[in-house]
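One letter stands for each residue in the lines below.
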Amino acid sequence: MLSTVVSSIAYGFLPDQMRVHWTLGMGPYYGPEFAPTNVALTAFPLLVAVTALGAHWGGVQVIDSEEFAAVRPYCVVAVFGMFLSLLGIQIALVILNV
């Protein structure tokens, strides 16, 4: 949800192409340096949705397991950490391109 909001707000402020790769003077890199803004901003909410579905599916598969009960709090923290990381990367990408 937050990723979709960030993408929707940022779309009006960004140019048609976003820079998606910075070397910061640290040697060679591979892959594109620029990406279409609409593709990059659509990819983040989709990545968040796929991550959420994967976490839900994984939770459903092991919900009744006694082994999972012991690590459930760590799993919840890891999933929220992943979502916050994705959102942070998205926000950083938007800020660096404004």
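First, a word on what this report is: a plain description of the structure on this page.

Reading guide: rules and limits
Residues numbered from 1 in each chain as written. Predicted model: local features only at pLDDT ≥ 70, side-chain atom pairs only at ≥ 80, totals over all residues. Heavy atoms only, no water. Helix = DSSP H or I, 4+ residues; strand = E, 2+ residues; numbered from the N terminus. Buried < 20%, exposed > 50% of the residue type's maximum accessible area, 1.4 Å probe, protein only. Expected span 1.5 Å × (residues − 1). Bend = angle between axes of the 7 residues up to and from the residue. Contact = heavy atoms within 4.5 Å. Core = buried A, V, L, I, M, F, W, Y, C linked by side-chain atoms within 4.5 Å. Axes fitted to C-alpha atoms, helices over the stretch in contact; angles between N-to-C directions. Parallel < 35°, antiparallel > 145°, perpendicular 65-115°, else oblique. Nonpolar A, V, L, I, M, F, W, Y, C, P; charged D, E, K, R; others polar.

**Observations concerning the environment of Val6**
In step 1: Position of Val6 among the secondary structure elements: in helix α1 (residues 2-11).
In step 2: For the pair Val6 and Ala43, spaced 37 residues apart in the sequence, the C-alpha separation amounts to 12 Å.

**With respect to the side chain of Thr37**
In step 1: By the secondary structure assignment, Thr37 is in helix α2 (residues 37-62).
In step 2: Relative accessible area serves as the criterion here: at 2%, Thr37 is assigned to the buried category.

**Things to note about helix α3 (residues 66-97)**
In step 1: For α3, which comprises 32 residues, the first-to-last C-alpha distance of 47 Å matches the rise-based estimate of 46 Å (1.5 Å per residue) to within 8%.
In step 2: Largest kink in α3: about 55°, centred on Arg72, with the proline Pro73 one to four residues after it.
In step 3: Within α3 the residues assigned to the buried category are Phe68, Leu86, Leu87, Gln90, Leu93, Val94 and Asn97.
In step 4: For α3, the secondary structure elements touched by its buried residues are α1, β1 (17-19) and α2.

**Concerning the nonpolar core**
In step 1: Grouped together as the largest cluster of nonpolar side chains are 10 residues: Val6, Ala10, Leu14, Met18, Ala40, Leu41, Phe44, Leu87, Leu93 and Val94.
In step 2: Beyond its immediate chain neighbours, meaning those up to four positions away, Ala10 contacts Leu41 and Val94.

**Here we look at the packing of α1 against α2**
Geometry of a packed helix pair, given as the angle between the helix axes and the separation of the axes.
In step 1: Their axes nearest at 8 Å, the elements α1 and α2 cross at an angle of 170°. By the angle between their axes, α1 is roughly antiparallel relative to α2. Touching Ser3, Thr4, Ser7, Ala10 and Tyr11 of α1 are Thr37, Asn38, Leu41, Phe44, Pro45 and Val48, all from α2.
In step 2: Split by residue class, the contact of α1 with α2 holds 6 nonpolar, 5 polar and no charged.

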